[in-house]
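Each chain, written out:
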Amino acid sequence: ENKPWAGFGIEANYMAANGFKHSAKMRADLSNYIPGVELNFIQQTDGRKTWHQRRHYPLLGMAVAYTRYDNDSVYGRAVSLYPNLQIPIIRGRKVEWTAKAGFGIAYITKRFERVPSWDTLNTAIGSRMNNYSYFSTDLRYHVNEHLDVQVGVNFAHISNATLRHPNLGINKYGVNVGLRYFPVTSRPERIVKNIPKLKNRVLVQMRVSLAGTEISASNGPMYPVYLASLFASRRYLSKNKLLLGVDYAYYTHVYRFQKNNEINPGKEAQNSWKSSLFVGNEFLFGRVGVVLQVGYYLKHNELSKNKIYEKLGGNIYLIQNEKGILKELSTHAYLKTHGTEAELVEVGLGMGF
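Here the structure is a predicted model, which means the values were calculated and not measured.

Quick look at the overall build of the protein now. Per the secondary structure count, the protein includes 2 helices and 16 strands. Taking 20 Å as the expected radius of gyration for a compact globule of 353 residues, we find that the protein reaches 22 Å, a close match to that expectation. Taking the principal axes of the C-alpha coordinates as reference, the protein spans close to 70 × 55 × 30 Å. Counting across all 353 residues of the protein, residues that qualify as buried make up 49%. Intrachain contacts of the protein at a sequence separation of at least 6 include 60% that bridge at least 24 residues. Taken as a whole, the protein presents about 17,300 Å² of accessible surface, with 64% of it coming from carbon and sulfur. Separation of charge centres in the protein, based on 45 positive and 26 negative side chains, amounts to 6 Å.

All right, on to the pattern of salt bridges then. If you walk through the whole model with that rule in mind, you get 19 salt bridges. Between D247 and R207 there is a salt bridge; the shortest N-O distance is 3.9 Å. Placement of the pair is D247 in strand β11 (residues 240-251) and R207 in strand β9 (residues 202-213), with a sequence separation of 40 residues. Neither residue differs from the other here; D247 and R207 are each classed as buried. Three or more residues joined by partner-sharing salt bridges are found here, namely R201, R235, K241, E282, E322 and E328.

The subject of this paragraph is the sheet that holds strand β6 (residues 129-142). The antiparallel closed barrel is built from 8 strands, whose spatial order is β1-β2-β3-β4-β5-β6-β7-β8. Each adjacent strand pair in this sheet contributes to an overall mean axis angle of 25°, direction not counted. For strand β4 (residues 77-91) and strand β5 (residues 95-108), the ladder comprises 11 bridges, and the chain directions are antiparallel. Opposite N84, over in β5, you have G102 as the bridge partner.

Another point: empty space enclosed by the protein. On inspection of all chains with the given rule, the structure shows 3 cavities of 30 Å³ or more. Q205, R207, F231, N315 and Y334 are, among the 15 residues lining the largest cavity, the residues nearest its centre. Going through the elements one at a time, β9, β11, β14 (308-320), β15 (328-338) and β16 (341-352) are the ones with two or more residues in the lining of the largest cavity. Split into classes, the residues belonging to the lining of the largest cavity amount to 7 nonpolar, 5 polar and 3 charged. In this structure, the second largest cavity occupies an estimated 60 Å³ of space. Lining the second largest cavity are L227, D247, Y248, A249, Y251, K274, S275, S276, Y297, Y309, K311 and K336. Listed by contribution, the elements that provide at least two residues to the lining of the second largest cavity are β11, β12 (273-285) and β14. Ranked by residues supplied to the lining of the second largest cavity, first place goes to β11 with 4 residues. Broken down by class, the residue content of the lining of the second largest cavity amounts to 6 nonpolar, 2 polar and 4 charged.

Definitions and cut-offs
Residues numbered from 1 in each chain as written. Predicted model: local features only at pLDDT ≥ 70, side-chain atom pairs only at ≥ 80, totals over all residues. Heavy atoms only, no water. Helix = DSSP H or I, 4+ residues; strand = E, 2+ residues; numbered from the N terminus. Rg over C-alpha atoms; globule rule 2.2 N^0.38 Å. Buried < 20%, exposed > 50% of the residue type's maximum accessible area, 1.4 Å probe, protein only. Contact = heavy atoms within 4.5 Å. Areas by Shrake-Rupley, 256 points an atom, 1.4 Å probe, with all protein chains shown as cover. Lys, Arg positive; Asp, Glu negative; His and termini not counted. Charge placed at Lys NZ, Arg CZ, Asp CG, Glu CD. Salt bridge = Lys/Arg side-chain N within 4 Å of Asp/Glu carboxyl O. Pairing = 2+ DSSP bridges. Axes fitted to C-alpha atoms, helices over the stretch in contact; angles between N-to-C directions. 1 Å grid on protein atoms, 1.4 Å probe; cavity = no way out; pocket = protein on both sides within 12 Å on 5 of 7 lines; lining within 4 Å. Points joined across faces, edges and corners; volume = space filled by probe spheres on them. Nonpolar A, V, L, I, M, F, W, Y, C, P; charged D, E, K, R; others polar.

Put into C-alpha cells, the structure is as follows:
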C-alpha cells in the first residue's frame, strides 16, 4: 500500500578530512584539510525481499562524491561513484546510529607522470581511474518523516591496487555533516512476515581469479596474476557465512623479474607463487555478499615478505540453490591489501558444492 517513491531520499554530506602519509615512499605531504562533498541517492528497504527483514531494513544508496586533495599542486581532485549500504546499529524513534560502507570507482585529475608534465612528486597515484572505498558511522536525528540531520566520522581510500605504478594510494579520515530529504516519506510501511530459518549448512567452495600488475617501473608492461582458493563455508543466522580455507597466487611479473636479473636460476617458477591460510566472513544481502577476509602467508614469493594480508570485496550470485550438486555460482571482485597499501584487485568466478 506504499505510495510511489516512498522511502526514496536524497542525502547531501560535507566532509572535512585529514590526509596521512602511511609510507616513507610518499614524497609530498598531504594536506591537513581535505574538503569534499557527497550526494547520495538512497532507498529505504521495506521488506519486499526476505533479506530486508533479516538485515533489519537497511538503506541502499548510489553516491557521487567530489574530493579536493590539494589545489592541483600534486594530488589534484577526485570524482567518485560508488554504491553503498547503510546498516542500523541502534534505531530509535527520533535518533539512530548507523554504519555505512561503499565500494566503487574514482577518476583523479593528477597522477604520477614523467612526460610531458614531469609530475613526479605524486608517488601515491599512477593512473586516472582508481578504486574508491568509503566507510563511515553516523549519528542521525529525525526532524520529521521528510527531513533528517546527521553528523559522523569517515575513512576513505583511493588507489588502483597496483594495476599501475606508483600505487601507494591516498588515505584520509575526518568528519561529515549532512541532511537528508525524503519527498514522500522516510518511513514506508514495512512488510513483516514469518521468514523461514535457513539451515547452517557447510559447503565446499572454490574461487578462480585474475588480476594484473606492473613491475616497479611506471608505464611498464602489464603482467597477469593467477589466483585460486579452496575453502569451506558455514552459514549461520540465515544471513552470514564463516569462511576457512587456503589461497594460492602465481605472479608472472615476479617470475620475469627473476629471469631478467638472473635470480634463482632454474628455480624462478617455484619462487613466484604465494600460499596462505585465511579466515573470513561473508555478509549476505540476497544475491549480493560482502566479504571480509584476513590471511596468513604460509609461503612467500621472491619479492614479498609480508606476513598478513586482507581482502575486501563482494560476490554477485548467479545461482543460489538449497538442493542439488551445484548450490552456488557467483562472480566476484576483491581488493587485496597489506595494511593500508593495496596489492591488487582480483575478479573471477566462485562455486559452492
